[in-house]
Structure formats: C-alpha cells, structure tokens
Amino acid sequence: MTYSSSIDQVVSLLGDAGYRSLRTPFVLAGLQFAVSAALVGSERSSDLVIVEDTVATTSREIQIRIETIARAMDSLDSKRPLTAILIGPRPSASELDAMSRVARILPVGPSSFLNQNDILRNWLAVLLPLQLPPTGDRLADPLSELSKQVDSKDAVISELLGSAPLGESAVKSTLHRIIEQDLASVESNEA
Amino acid sequence: MTPQLEAITLTNFRSINTPVRVPLDAPVVLIHGQNGTGKTSILSGIELALTGDIPSLRRVDAGYQQHLINKGAQSARLDLVARGLPNGRSEATMTVTSNGITGNPLLPLDLAKSYSERCYLAQATLGKLLEIYQGQNAQSSFSPLTLFVKELLGLDVLEAIVEGLHDAGDVRRVRNSVPAYSDVERRISDAERRLTRIARGMKDIDRGIDAQMKELQAALAPLGESIPSSTADFDALLKDLEARSSKNRLMTVARVRRDLLAAAERLRTIEANSSVDERTRLEESDLSARRQLADWREGSGKVLSETISSLLSTFPSLPSPDSTDPEVARLAAVGAVDADIRRLSELITTQEKVTSRLVEIRAEMARLDERSRRLDEQIAAHAATAGSLAQALSGIIPHIHSEECPVCGRDYRERSAIPLASAVSTKINSLNESAGMLEALSKEKATAIARLANLRRESEKLVATQSSQVTIEETNTQRARLQIVKQRLDGVAQSVAQATALIETAAAATRKLSEARESGVQLSSLIETVRQGAGQLKQTFIYPEQPLDTQLTQLLDFTEREEESLNTFEEQRTAAISKVESLQSQQSSRAVMVKEQGIVQIEVEGLRKAKGKADATIEIARGLSRTVLDVRTSIVQRVFNKSLNRLWADLFTRLAPEEDFVPAFALPRKSSGAVEAVLETIHRRGQRAGNPQTMLSAGNLNTAALTLFLALHLSLEPKLPWLLIDDPVQSMDEVHIAQFAALLRTLSKRCERRIVIAIHERPLFEYLALELSPAFPEDKLITVELGRNASGETNARATHHIWREDRVVSAA
C-alpha cells in the first residue's frame, strides 16, 4: 500500500461515514493549512478531521500546525472538536502528549501496517457512527424461532408453546394435563 | 415523547448543605466540582428520587440511609422534575429524616430496576463492575450477568419449556407427577393378569365339563336316557327327568305299608280275644263276681246301709253305700261322726270352765266388799279438812311470839308445859300426816271399787253364756249315741274293703267280656283294610281261601321290595338331574367367563391405546425439549457473536484501538445444560484467550467494564435513553479520555442518549465541554460547576450552551 492510498483509505472510510472532504490547503481565520487531507462531519457531527503524514511532515511541524489550527478555531469561537489522524511512524510520546492537549490524536501507525487486522478501522472507529443492533425488548424472539423449528400445527406442541410465557410450572402443568387428557380420552370413548 | 429529566433540587442532601437546583433538561449535562463538593450527591440524589434506593451505596453500606442528611441538618429533601415518563408522572419529592426515607419515587418498579442496572454507572461501581457482573462466589449460571443475558435473550421462556418438560425425560418422573399415568399402567397390567386368569379358568372349566359329560352319560344309561346333542335340549331333558318322578307311587306304597303293619298288629290282638273259651271264662268270672257282691249286700252291706241311714237325720248329705262305693260312703260317715263328737266334747268342756270361773268370781267379790267396808271405816277416822287446817295454822306460826295465843289471847302455859310454838308445830305435823294417810286410803278404796266393777262385768258376761243343766245333759247323750255309731262303722271296715274289691273284679270281667264281643266286628273291618291295600298295590287278595296273616305277610314283603326298587330309581333320577344341573351351571359359568374375557379385552385395548397416546405426547415433549436446547444454543451463539460481542468489541475498540485482546462473551461449548454468561478475551487474530481480568491492563480492564456497561445499555430498547456516569475517567489516560469523549459525543448526537457526566478534573471538564458542545440547532449543553462560597455553603453555577453556527467550515 502506498502512502497516498493510505490517505485515500482514510478519506474514503470517513467519506462513507458521512464526512465531507475539504479542499486542501484549507483556510481558517485567514491562514492556509497544507494538511494531507481535511474533512468535516455533517449533520449532527461537527468534527473537523485533518490527516497528516509523519513521513512528509515532521512531528514538530505537525504539532505547530495542530496548535495553530486550534488557536484559529478558538479565535473563531468554534466549538468543533478537532481530530488529527497521523499516518506513518508514530511521533514520540511527549510530542503526542503535547498534540493531545488541543486535539484528539489518532496515530494509526505506518502505512505498511494499515492493511493488517483493520488497524485503520479500529483507530477511526471513534469517528464512525455506532452500528447498534436492532433493539427490541430483547435481542431475540426465542419462541417464534422455536416455532419455526417445530411442527406448530401439532396440538400438543402448540399448547406447550402457548403455556411457555407463563413459566416453568405452567408448562409442567400443561404437559401433565395433556398426558392426563390422553389417558382420559380413550376411557371416555370406551364408556 | 422521549423521557427526559428536567431538574433536581437537593436540600441538605449528603454533602450539599443548601438548597441547590441542578438543571438537567439538555441532551448533555456536565457537572464539575472538586472532590467533596457534591457531584456524587447529585447523581445519587437523582437515583434515589427515581427509584427510592441507591444500590451503589447499599453495596458498600447497608445502612447508608442514615448518612443521607447533611451534617447539621435535621432532614434532607429531593425534588425531581421529569417529563415523558410512561407512567405519566412528572414530579417526585423524597424526604429523608432520621426515621427513614418518605416519598413516592418517580419510576415504576421495572423501570427503576432498568435505571439502576443499565442507565446509571456510579463511580464506586465502575471499578468493581466486572466482579459485580460475574458474581462473587456465585455459580456463573446465577451471576447477574447471566441473569441479564437470559433476560436480554428472552431465554426464560425456553428454559421454562425445558424445565417444564423435564418430567418427560424419564418415565419414572411421569409416573410420579401424573398419577393417572401409573394408574393406567397398573390397570393394563391388572387387566392382563385378569385375562391370563380367565384363560386358565376356562381351561379348567372345559376339563370339568368333559368329565361331567362322561358322568352324565353313565348316570343317564340306567334311566334309558341319553345326552342330547345340543345344549339347548338340556332343559327338555331336565323336564323329562322331573316328569318321571315316582314320588307319588312311593308315598302310596309307604301309606299302604303303614296300614298293613297296623292291620297286622291289630290282627294279633283280635286273634287273642276272639277265642270262644276265653269268652266263656270271662262270662263265668263276671257272673261269680256279681254273685259274691249280692251276698255281701245282704250281710255286712245291709249293716252299713242301715247305720248310714240312721245318721241321715243328723247328716242329710251323707252318700248312700248302695249308690256309690261302700267304702267311700263308710269313710264319709266316719268323718261326719268324728267331727260331731269333737264338737260336742268341746261344748261340754267350755260349759264346765264357765261354771268354775263363776264360783271364783263370786268369792273374790265377797272379799272385795269386805275390804271396801274396812277402808271406809279408816277414812272416817281422819278429819277430812286436816290439810287446810294445817295450812291455816302455818299462817299463824309467825304471829306466835309468846305463850299467849294470838287467836284467843289465853296463856298457853296454863294448858301445857310445852311451848305454844312447839305445840302448834306438832299439831301442824300431825295434821299433815293425817292428810297423807287420808289420800292413800282414798286411792286404795278407788282401786277396790274398780276391781269390783271388773269382776261384776265378767260375772255378767259368763252368766250370759252359761247353758242350762238340761242342755248340757242333752249334749252328753248325743255324744254317747254318736260314739256307739262310730264303733259300729269301724266294725264293718274290713268287710267293706272286700266289697270294694269285688265290685272292681266284676266291673273288669264285664269290660273284658264286652271287648271280646267287639273283636268279631273289628276282624271283618280289618279284612276290608287288607283287601283295599292289596287293591292299591294291584296284588291279589283271596280270603278266606288263604289265611289272612299269610296274605298280610306276603303283601308286606311286596311293599318292602317295591319301596326298595322305587327308592333306587329315585336316587338314579335325582343323581341324573343333579348332574344335568351341575353341567348347566358349569356351562353358564363358562359363558360368564367368555363375556368377561370380551369386556377385559376391550378394556385392555382401550387402556393400551390411551397409554400409547400419552407416550406419543411424552415423545413429542422430549423432541420439543431437544429442539428447544438447539434453538437456545443457536440463539445464544448468534446473539453473542452478532450482537453483543460485536457491539462490545466496537465500543472497546473505540476506546482502546491498540489493545490486541478484545473482551467478549464466551460462546457456550455445549448445547445442553444451563446458559452461562462467561467472559473471555479474543485476540484480534481470532484465538480465544483468558478472562479479561487476567488478560487486560488495569486501564483497559476499566475500559472493558465501561464498554460492557454501555454495550448492555445499548442492547436494550431505550425505554429510558439516559446515561448518567459518575467520574468515569479517573483511571484513564489521555488517549482513552479523548476517545471516550468522542464516544460520548456519538452516543449523544447520533444515538440520542441523554447524558449526565460528573467530572472532577478541570482541564478534562473543559475538554469535554468543548467536545460535547451543541452540534446542531436543537442541541444543548448544560455545564454545572459546583463549589462552596466563603461561608462554606454549596453553590451550583449552571451554564446553558446553545448551538451557534460555526464559521470554520464556511470559512474553509
């Protein structure tokens, strides 16, 4: 994977999640910022995301740029959260700490790793919408799943299933009652 | 409408010492304050007002309720306002006093539970969340996590089926729990036993019938009958045998035989009486007896007769010796004479006694007269008034003071030398004695007079009963005459006894003679009897050609033989009847058995059918139970894999993107057995690894717990789409915090959860305030800063941040 395709990958992932790409270099408070890529969240997400390549730009320059962008945003009284995705070798811990004071830093790592184990997706997860499982009262409807597996037209089964929501003792007494009816039905025929 | 919290006002609650109102009507509320300023108080106050309890405090201190009131206050109060709750309520006021908590919490019971478990994460809880979830020392099948997962998956209903059908797994359990089942089993085996018994019984009875047929054949042979070909003809045979009864003939023979036996007996008597010699002898004897009796009547009989006649004037009822037994007449006369002699003797004796007594009485009376006269003389010698004079003189005594008489005034000394007082006293004594004597004499005289009167009365009575001399003499004469008669009667006693014997002899002779005369008549009647008997027996009777006794003997022999033969026939006939009847009874028993066999057969078939049906139901139940286990396994695997684990992994990855081990619910390895929610970690490459507590660093473990809480919260339908988290970032590093802030933003802005977060770190608070700033027009953020004023009172400064259009992007 090449350097540019890693950036493309980030842009594509975020784009799929509803982020809108900004033209680069983008201008903020009259200043130009030549970041590798910049995206902004849409609708309910107001994130400003910039993508930097630690190979193309030194950590120091990246740190200054992030701080400048943050200050520019402050001057505009912007409340947008700022996130910086760092592609390439990870800066030192002290540099990351310094950057983290003004922005969320996602050091996704060297581009050669990005194809492994969805590392990129893991790092970016926090920016992506949360996929919630369909919720109801419960995560499953066991009784209807069960009904598909058995012959629900069978009178015995349908009676037993009908008593299940009332609890164990209801099922038990239904079973007992059906057995008793089986035993009694023939007797009554006999009589 | 989505349920929303509006505001809470806390008064003297825990560390809050003044009334503090905290607005909560924003998608995100950030509460900041130094430790001890009341952040946790606000969150636990919200929980108490919503649910009536604070489980996170309860876990640490069961008596936490005693510490809810701020020091220095008497009571605490919470006022919570909300809207959009399913139960329609919007306000709750809880009051805490030393007596406890009063008030009606805002949420119904099920939502309260849901809130405490899925919406509120207390600071104290977060660190121990995994322990709490997995249960302490509890079996993993009952850990809170397992229970929650079961509830989440709705497995209760499947477990209800599996447990409810447990009985079907083993027929012994069915027998125990459905008595009718074991009852039917028992009845089947009973009925089978009965069938066996009936079959055996029928075999026995068939053998018995064969044997009896043979016996019947033997019994019928002498009677000239044979076994009918069909069973129905047995009744005809029986009727025939009944009809052939010889009982009447037997009775006739027996009666004739009795008559003949009586005839034979009478014949013997008649033969004895009926000889001519005997009759002559009897006639002679009779005549002689009569003659002797006539002689007696001329001699002794006459004496007796005359004697008794002479007595008739005195005793007219005496029997005559001519008309009755002379001895009876004699004895009656003797009795009468004896009685009269006794009477007369007594009369004479009584008269003698009266006479002698009168003599005595007269002498006594003369003596008493003399005594009376003497007593009169003595009485006259005593003055009659001596007593009263003595009393008068006693009255004078006190007046005698000298020798001068108080009566006449004369000097007594002139008359006597004895002093006057003594003389008077002596006189009084003498007078008193005389009075006593007079009384005694009077009594004596009265006695004599009474005695005399008694004697006189007795004398008069005796004189009245005394007979005259003539009468006494007549009596004596009469007695003498009777004594003579008695001697005469005694004299003929022996002769009379002989006469009586003669009379009896004559009577007996006469009777026997008369009997002998009757015998001739009886014999002819007897011959008739025998003739009739012979006729009834259909035997010939030739008399007088053959002697009667010979023929009688022949007839008796015949009856004996006839009776024997008839009896033999009756025995054979009765035996045959009894055999036929017994055979019939055997055959009807067999018919009953055949019928019973049929009934039992039907019953056993019915019961087997019933049991078969029940067994089919049991088999269906078993099959259902197995299917339920399969379905449960597939649900658990699917939900764990596709839903819960995916969500949890997603959340965890957002906070810890670099952690290689991701926590997850372990998939159950076997389908049967209880469902257990066990935690494990899975390496990003797919291998399963150990429990999160052993595999993750403390920070990531915290993250795992936090994300598990969020995953469980997000798995449920958001009835209460609230997340209240108390200082969750205390052990997070900055990277985690940044990620967490992003996650909170996602939850708030995209998942529409209303979030209340308490933070104690100032920079973090500011960071989060920025991160969670309103992002769209309706969005809103409230920040609350808690602190204390100069006098230590709590104050809460709330700032409402509303959305403002951002110029960055438009500028960009």
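Because the structure is predicted, anything quoted here is derived from the model rather than measured. (Residues numbered from 1 in each chain as written. Chains lettered and ligands numbered in written order. Predicted model: local features only at pLDDT ≥ 70, side-chain atom pairs only at ≥ 80, totals over all residues.)

A. Region of the structure containing the overall build of chain A. Secondary structure summary: chain A contains 7 helices and 7 strands in total. Reading chain A from its N end, one meets helices and strands in the order α-β-β-β-β-β-α-β-α-β-α-α-α-α. A burial count over chain A gives 42% of its 191 residues as buried. Residue pairs in contact within chain A that sit at least 24 positions apart in sequence constitute 46% of those at least 6 positions apart. (Helix = DSSP H or I, 4+ residues; strand = E, 2+ residues; numbered from the N terminus. Buried ≥ 20, exposed ≤ 12 C-beta atoms within 10 Å, placed from the backbone. Contact = placed C-beta atoms within 7 Å.)

B. Spotlight on the overall build of chain B. When you go through chain B residue by residue, the secondary structure sums to 24 helices and 14 strands. Sequence-distant contacts in chain B: of pairs separated by 6 or more residues, those separated by 24 or more amount to 70%.

C. The arrangement of the environment of Leu744(B) in detail. All names here are of chain B. Along the chain, Leu 744 falls in helix H22 (residues 734–750). Between the alpha carbons of Leu 744 and Leu 772 there is a distance of 7.7 Å; along the sequence they are 28 residues apart. Sequence-distant contacts of Leu 744, that is, excluding residues within four places in its chain, are made with Ile 755, Ile 757 and Leu 772.

D. A look at the sheet that holds strand S14 (residues 794–802) of chain B. Residue and element names in this part refer to chain B. Pairing in this open sheet of 6 strands is mixed, and the strands run S7-S11-S12-S3-S13-S14 from one edge to the other. Since the sheet does not close on itself, it has two edges, and those belong to strand S7 (120–121) and S14, each with one partner. In the sheet, S7 pairs with strand S11 (residues 722–726) via 2 bridges, with the strands oriented parallel. If you follow Leu 121 over to S11, its bridge partner there is Ile 725. The strands touched by H22 within the sheet are strand S3 (28–32), S11 and strand S12 (754–759), with S12 carrying the most contacts at an inclination of about 150°. (Pairing = 2+ DSSP bridges. Axes fitted to C-alpha atoms, helices over the stretch in contact; angles between N-to-C directions.)

E. Summary view of the nonpolar core. Ranked by internal contacts, the top residues of the largest apolar core, which has 174 residues, are Leu160(A), Ala49(B) and Ile161(B). Considering every element that reaches this core, the biggest residue donor is helix H19 (residues 548–655) of chain B, with 19 residues. Leaving out residues up to four positions away in the same chain, Ala49(B) has contacts with Ile8(B), Leu78(B), Leu80(B), Ala92(B), Met94(B), Pro105(B) and Leu106(B). The next biggest cluster of nonpolar side chains, apart from the first, holds 17 residues, and it includes Leu282(B), Ala289(B), Val492(B) and Val496(B). (Core = buried A, V, L, I, M, F, W, Y, C linked by C-beta atoms within 7 Å.)

F. Focus on the packing of helix H5 (residues 142–149) of chain A against helix H7 (residues 155–164) of chain B. Close contact between H5(A) and H7(B) brings their axes to 8 Å; oriented N to C, the two are set at 50°. Viewed along their axes, H5(A) and H7(B) adopt a mutual orientation that is oblique. Touching Pro142(A), Leu143(A) and Leu146(A) of H5(A) are Leu155(B), Val157(B) and Leu158(B), all from H7(B). Residues of the contact of H5(A) with H7(B), tallied by class, amount to 6 nonpolar, no polar and no charged. (Parallel < 35°, antiparallel > 145°, perpendicular 65-115°, else oblique. Nonpolar A, V, L, I, M, F, W, Y, C, P; charged D, E, K, R; others polar.)

G. A look at unusual backbone geometry. The linkage connecting Thr24(A) with the following residue, Pro25(A), adopts the cis geometry, with an omega of -10°. Its location among the elements puts Pro25(A) in the loop between strand S1 (20–22) and strand S2 (26–28). Phi is positive for Arg14(B), close to 55°, though the residue is something other than glycine. Looking at where Arg14(B) falls in the secondary structure, it is placed in the loop between strand S1 (4–11) and strand S2 (20–23).

H. Geometry of the interface of chain A and chain B. The interface of chain A with chain B comprises 65 residues on the first partner and 70 residues on the second. Every element with two or more residues in the side of chain A that touches chain B is listed here: S2, helix H3 (93–100), helix H4 (119–124), H5, helix H6 (155–163) and helix H7 (168–190) of chain A. Here the side of chain A that touches chain B gets 14 residues from one element, more than from any other, and that element is H7(A). Of the residues belonging to the side of chain A that touches chain B, the class tally is 35 nonpolar, 13 polar and 17 charged.

I. Representation of the sheet that holds strand S4 (residues 37–40) of chain A in the model. Residue and element names in this part refer to chain A. In spatial order, the strands read S1-S4-S5-S6-S7; together these 5 strands make up an open sheet with mixed pairing. With one partner strand each, in any of the chains shown, S1 and strand S7 (104–109) form the two edges of the open sheet. Averaged over neighbouring strand pairs, the angle between their axes works out to 25° when direction is ignored. Both S1 and S4 contribute to a ladder of 3 bridges, which runs antiparallel. Residue pairing for S4: Leu 22 is matched across the bridge by Ala 38.

J. Representation of the pairing of S1(B) in the model. All names here are of chain B. Two elements, S1 and strand S4 (residues 76–83), share 7 bridges in a ladder whose sense is antiparallel. Each residue of the ladder has a partner; that of Thr 11, found in S4, is Arg 77. Where S1 lies against S2, 4 bridges are found, and the strand directions are antiparallel. Bridged to Thr 9 within S2 is Arg 21.

K. Representation of the packing of helix H15 (residues 386–396) of chain B against helix H16 (residues 420–465) of chain B within the structure. Residue and element names in this part refer to chain B. For the pair H15 and H16, interaxial distance at closest approach is 8 Å and the crossing angle is 155°. Between H15 and H16, the crossing angle belongs to the class labelled roughly antiparallel. As for how H15 packs across H16, the hand of that crossing is left-handed. For the pair H15 and H16, the contacting residues are Ala 386, Gly 387, Leu 389, Ala 390, Leu 393, Ser 394 and Ile 396 in the first and Val 424, Lys 427, Ile 428, Leu 431, Asn 432, Ser 434, Ala 435 and Leu 438 in the second. Residues that form the contact of H15 with H16 fall into these classes: 10 nonpolar, 4 polar and 1 charged. (Left-handed = near helix turned anticlockwise from the far one by under 90°.)

Without other data, these values stay purely geometric and don't point to any function.
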